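What the coordinates show
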Amino acid sequence: MGALLAGLVVSCGAVLVVAGLSKVYRGVRGIDGGSAVRRVLRMPRRRWARVSIAAGGLEGLAGALVCAGVYPVLADAVMATLGTVFCVLLGYIRIKRVPGDCGCVNWRRSASAATGTVTWRTLVRSGMLLGAGVFEAAAVPAGGFHHAWFDAGIVAGCLVQVLLSLRLAVRTPVCHRRLW
């Protein structure tokens, strides 16, 4: 069971790497991403590009450290801290209904960036990062890598993260009604 959960933690690290690279790419290219976060923090676009590059670099580095298993205490602490910051910030955005997206994993300018909202899926994704950082810091024994359950955990974690990142409405397969 520990190897499965360790795989889930590594998949969260991989999400951090992808999100960090996305933020750095958009910051360098001058693409406005994370419009809701920028609005809440009240930053002008020019400063937001620099903050986006720095935040993306930190995310990518933390994710790479988690995936590589290097400096596990530091990597776990940074991942848990990033998850906490994301949960608080995105929760505030959701409660206040600030228009715009979170800017997590977008590679190009989208029409929904200005009109979209932060969804419950985004909050769950950030909660997974928080939980993975806390769990690995507290309970995962070293040497959980290289097991079949570890690989299954990576696949399951990536699948959950991808499903949470899709912009599809959750509907029943037969009558196409919303699930809830």
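All residue numbers refer to positions counted from 1 along the written sequence of the respective chain. Two thresholds apply to this predicted model, a pLDDT of at least 70 for residue-level local features and 80 or more for giving and counting side-chain atom pairs, whereas whole-chain, interface and lining totals are computed over all residues. The side-chain quantities take in all heavy atoms of the structure and omit both hydrogens and water.

This part is about the overall build of the protein. Check the secondary structure of the protein and you find seven helices and zero strands. Counting from the amino terminus, helix and strand elements in the protein follow one another as α-α-α-α-α-α-α. Within the span of the protein, comprising 180 residues, buried residues form 38% of the whole. Whether two residues touch is decided by their heavy atoms; if any such pair falls within 4.5 Å, the residues are in contact. Nonlocal contacts in the protein, meaning residues at least 24 apart in sequence, comprise 77% of its contacts between residues at least 6 apart. A 1.4 Å probe and the Shrake-Rupley method give the accessible areas. Residues count as covered only by the protein chains that appear here. Accessible surface computed for the protein: about 10400 Å², of which carbon and sulfur atoms make up 68%. Numbered from the N terminus, helices here are DSSP runs of H or I no shorter than four residues, and strands are runs of E no shorter than two. Only protein chains enter the accessibility calculation, which uses a 1.4 Å probe; a residue is then buried when its area is under 20% of its type maximum, exposed when over 50%, and partly exposed in between.

As a further point, take the environment of Phe-135. Along the polypeptide, Phe-135 turns up in helix α6 (residues 120-138). Separated by 59 residues in the primary sequence, Phe-135 and Asp-76 have C-alpha atoms spaced 8.5 Å apart.

Let us look at the packing of helix α1 (residues 2-29) against α6. Geometrically, a packed helix pair is captured by the angle between its two axes and the distance between the axes. Angular values range over 0 to 180 degrees, each being the angle between N-to-C directions of two axes fitted as lines to C-alpha atoms, with helices fitted over their stretch in contact. Between α1 and α6, the least distance of the axes is 9 Å, while the angle of their chain directions is 130°. By the angle class used here, α1 and α6 are oblique. Remark: the crossing between α1 and α6 carries left-handed chirality. From α1, Leu-5, Val-9, Cys-12 and Leu-16 reach across to α6, where they touch Met-128, Leu-129, Ala-132, Phe-135 and Glu-136. Roughly parallel means an angle under 35 degrees; roughly antiparallel means over 145; roughly perpendicular covers 65 to 115; every other angle is labelled oblique. It is the rotation of the near helix from the far one that decides the hand of a crossing: anticlockwise by less than a right angle makes it left-handed, clockwise makes it right-handed.

So, about unusual backbone geometry. Look at Arg-42: it is not a glycine, yet its phi comes out positive at around 55°. Within the fold, Arg-42 resides in the loop between α2 (35-41) and α3 (45-68). We classify Arg-42 as exposed; its relative accessible area is 73%. In the Ramachandran plot, Arg-97 falls in the positive-phi region, its phi being about 55° despite a non-glycine side chain. The residue Arg-97 is located in the loop between α4 (72-96) and α5 (112-115) in this model. On the accessibility criterion, Arg-97 (71% relative accessible area) is exposed.

What follows is about the side chain of Ser-52. Turning to its location among the elements, Ser-52 is positioned in helix α3. When near neighbours in sequence (up to four residues on either side) are disregarded, Ser-52 contacts Lys-23, Val-24 and Gly-27.

This next bit is on the environment of Arg-38. Following the sequence through the fold, Arg-38 ends up in helix α2. Between the C-alpha atom of Arg-38 and that of Trp-48, which follows or precedes it by 10 residues, the distance is 6.8 Å. Those residues in contact with Arg-38 that sit more than four places away from it in its chain are Asp-32, Met-43, Pro-44, Arg-45 and Trp-48.

Here we take up α1. Since the α-helix packs 3.6 residues into each turn, any two residues three or four apart lie on the same face. A helix is expected to span 1.5 Å multiplied by its residue count minus one. The terminal C-alpha atoms of α1 lie 41 Å apart, and with 28 residues this matches the ideal 40 Å at 1.5 Å per residue to within 8%. One or two steps after α1, the chain reaches Gly-30, where phi turns positive at roughly 80°.

On to α6, then. With 19 residues, α6 extends 26 Å between its outermost C-alpha atoms, agreeing within 8% with the 27 Å of an ideal straight helix rising 1.5 Å per residue. Within α6 the residues assigned to the buried category are Arg-121, Thr-122, Arg-125, Ser-126, Leu-129, Ala-132, Gly-133 and Glu-136. All buried residues of α6 lie within an arc of 145° about the axis, which places them on one face of the element. The arc in question is formed by the directions pointing from the helix axis toward the C-beta atoms.

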